[in-house]
Amino acid sequence: MKLFSAALISALALAAPLSAQQTAPKAAPAPAAAPPADEGLSGSVTDESEWQDLGIAIPTFPTNEMLPTAADGGNTEALGRNLARVIYGDLKNNGLFKPVGPDALPAIPYGEVAAPAFANWRGRSAEMLVQGFVKSAPDGRLTVGCYLYDVALGSELARQGYVVKPEEWRRAAHKCADMVYARLSGESPFFDSKIAYIAETGPKGNRRKQLAIMDSDGANHRFITNGQATALTPRYSPDYSKIAYLSYLNGNPRIYVYDIGTGRQTLVTEGKGPTFAPRWSPDGKSILYSMALAGNTDIYRVPATGGASVKLTDSPGIDVGGSYSPDGSKIVFESDRSGSQQVYVMNADGTNQKRVSFFGGRAATPEWSPRGDQIAFTHIAGNLRIAVMNPGGGEMRYLTDSWQDEAPTWSPNGRIVQFFRTAKSTGRTGIWQVDLTGRNERKLNTPVDGSDPAWGPVLP
């Protein structure tokens, strides 16, 4: 079920959105929300130097009337500042822009949201301006409007509106940040998404590992399992409704699917031997996993609802870590059949298996980009580093340079890679992410240590 709508709010009079080519906004009698302009800046930001110094001002979102709300802050006035803070955090942590948030900017009156005082913002050297508003309805729901302006041209670039329950206010902020990011960069959005990971506590030799989920910025953290059984390697289903993960209880490996909406868990398969790395097919109908039997580890496919498994590999050695290409036609995996861990690619039915990594060292935990153009993996040559290459094994390059970085997972737009890092001195683990330039790296805040991250798709 959709938690809010991004649509025209018909109760308010509204001017039509302007395209990027227009030089002045049409007058609007009151702040309102509308669908975004369809046009976007063309191209993909690979060399991001032109964007790193793009100044974006994000003042507090005003309200037409200060009313109590169950959302954070307690009233619509405080919520307007919190909304702007989340948008600022999203755009700042992305590393592409240079935003200035509401705590460093003067507040604007409600009437200025749809009619900005461009001269004032030019005086502050702002190149882009994100303004918006928040209103509370009698039923408690919130209406949030979001506008993006080009300050130099004095023009509106995009606008959207959202109707959201108080407890989901952060999603409106993430959607606003997504609109700004997509409109300015030409890239697909990713802020309104969630991350599953393994929360780790306890001493180094006896770690308690629980399944946990959180928003892309670390907010709304929640533990899914109680830690009685060790949880490993979670992955979101393509429709975001479920999480597949590996559970070990009393040494018995089982693959479960957790239904996020109902909280129910379904047993998919119980391995006869050590079992690893469940991964969804792009259509959500099946799950890949690896199982060790009689000294050999192979990759299997099983229906997501449970049933008979199909064996896809049958080579002497260890084959693990299958990850589908976005179109579902191929699978990337790791195998030591050549004598050391390397990356292989095969057709989805297991045919045409071939090695693609030939650059020295070992290669493990490969995962295909949502765009289909790259594969992220763990490169092992002394230290463990996150690297990427094209599907044919060429153009390998490092994204990180630390002691032990592993298990990459892609953002929904294929521009950022998340992974977990183990500290050399303490053995403690944390969730980190880095963009494809390798320059913008940051650690996500989690209440306990974290490993095995899995980034889900953008929420509907």
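Anything mentioned here points back to the structure above.
In what follows, the accompanying structure is described. Numbers given for residues are sequential positions, taken from 1 along each chain in its written order. Note on the predicted model: pLDDT of at least 70 is required for a residue's local features to be given, and 80 or more for side-chain atom pairs to be given and counted; whole-chain, interface and lining totals, by contrast, use all residues. Computation of side-chain values: all heavy atoms of the structure, hydrogens and water removed.

### Comments concerning unusual backbone geometry
The phi angle at Ser 125 is positive, at roughly 65 degrees, despite the residue not being glycine. Labels follow the DSSP assignment, with helices taken as runs of H or I lasting at least four residues and strands as runs of E lasting at least two, numbered in each case from the N terminus. Among the secondary structure elements, Ser 125 is positioned in the loop between α3 (118-123) and β4 (128-136). Positive phi outside glycine occurs at Ala 294, with the angle close to 55 degrees. Here Ala 294 lies in the loop between β15 (286-293) and β16 (296-303).

### What about the state of the cysteines?
Disulfide: a pair of cysteine sulfur atoms within 2.5 Å of each other. Applying the stated criterion across every chain yields a total of one disulfide. Between the sulfur atoms of Cys 146 and its disulfide partner Cys 176 the distance amounts to 1.9 Å. When the S-S torsion is 50 degrees, as for the bridge of Cys 146 with Cys 176, the disulfide is right-handed. Linking Cys 146 in strand β5 (residues 142-150) with Cys 176 in helix α4 (residues 169-185), this pair joins segments that are 30 residues apart in sequence. For the pair formed by Cys 146 and Cys 176, the shared burial category is buried. To sort residues, take the accessible area from a 1.4 Å probe on protein chains only and compare it with the maximum for the residue type: under 20% means buried, over 50% means exposed, and anything in between is partly exposed.

### A few points about the pairing of strand β24 (residues 383-389)
For β24, the buried fraction is high: six of the seven residues fall into the buried class. Strand pairing requires that DSSP identify at least two bridges connecting the strands. Taken together, the seven bridges between strand β23 (residues 375-381) and β24 define a ladder with antiparallel strand orientation. Looking across to β24, one finds that Ile 380 is bridged to Leu 384. Here β23 hands over to β24 after one residue, with Gly 382 in that stretch at a positive phi of 85 degrees. As defined by bridge partners, β24 adjoins strand β25 (residues 397-398) across two bridges and the pair is classed as antiparallel. Paired with Ala 387 across the two strands is Tyr 398, which belongs to β25.

### Observations regarding the sheet that holds strand β8 (residues 208-215)
Whether parallel or antiparallel, the strands of a sheet pair through hydrogen bonds between backbone atoms. Across the sheet, which stays open at both edges, the four strands sit in the order β9-β8-β7-β30 with antiparallel pairing between neighbours. Of all the strands in the sheet, just β9 (222-223) and β30 (449-458) have a single pairing partner and so form its edges. One ladder, built from two bridges, connects β8 with β9; its direction is antiparallel. Bridge pairing links Ile 213 to Arg 222 in β9.

### Quick word on the pattern of salt bridges
Any carboxyl oxygen of Asp or Glu that lies within 4 Å of a side-chain nitrogen of Lys or Arg is treated as forming a salt bridge with it. Enumeration over the complete set of coordinates arrives at 22 salt bridges. The salt bridge partner of Glu 367 is Arg 235, with a shortest N-O separation of 2.9 Å. You can see Glu 367 sitting in strand β22 (residues 362-368) and its partner Arg 235 sitting in strand β10 (residues 230-236), a full 132 residues away along the chain. Judged by relative accessible area, which is 10%, Arg 235 ranks as buried.

### A word on the environment of Leu 105
Tracing the backbone shows Leu 105 in the loop between β3 (98-100) and α3. Exposure remark for Leu 105: the relative accessible area of 13% places this residue in the buried category. For Leu 105 and Thr 60, which are 45 residues apart along the polypeptide, the C-alpha to C-alpha distance reads 8.0 Å. Contacts are assigned to residue pairs with any non-hydrogen atoms lying within 4.5 Å of each other. Not counting chain neighbours up to four residues away, the residues in contact with Leu 105 comprise Ala 57, Ile 58, Pro 59, Val 100, Trp 121 and Arg 124.

### What to know about the packing of aromatic side chains
Here the aromatic set is Phe, Tyr and Trp, taking the six-membered ring for Trp, and pairing holds for ring centres within 6.5 Å; pairs whose planes are under 30 degrees apart are stacked, those over 60 apart are edge-to-face, and all others are tilted. Overall, the coordinates contain 13 aromatic pairs when judged by the stated rule. Judged by centre distance (6.5 Å) and plane angle (75 degrees), the rings of Phe 97 and Tyr 181 are edge-to-face. Note that Phe 97 is positioned in the loop between α2 (76-94) and β3 and Tyr 181 in helix α4, a separation of 84 residues in sequence. Arranged with centres 6.1 Å apart and planes meeting at 80 degrees, the rings of Tyr 110 and Phe 133 form a pair that is edge-to-face. Pair noted here: Tyr 110 is in the loop between β3 and α3 and Phe 133 is in strand β4, with a separation of 23 residues, a long-range link.

Treat this as a map of the structure, not an account of what it does.
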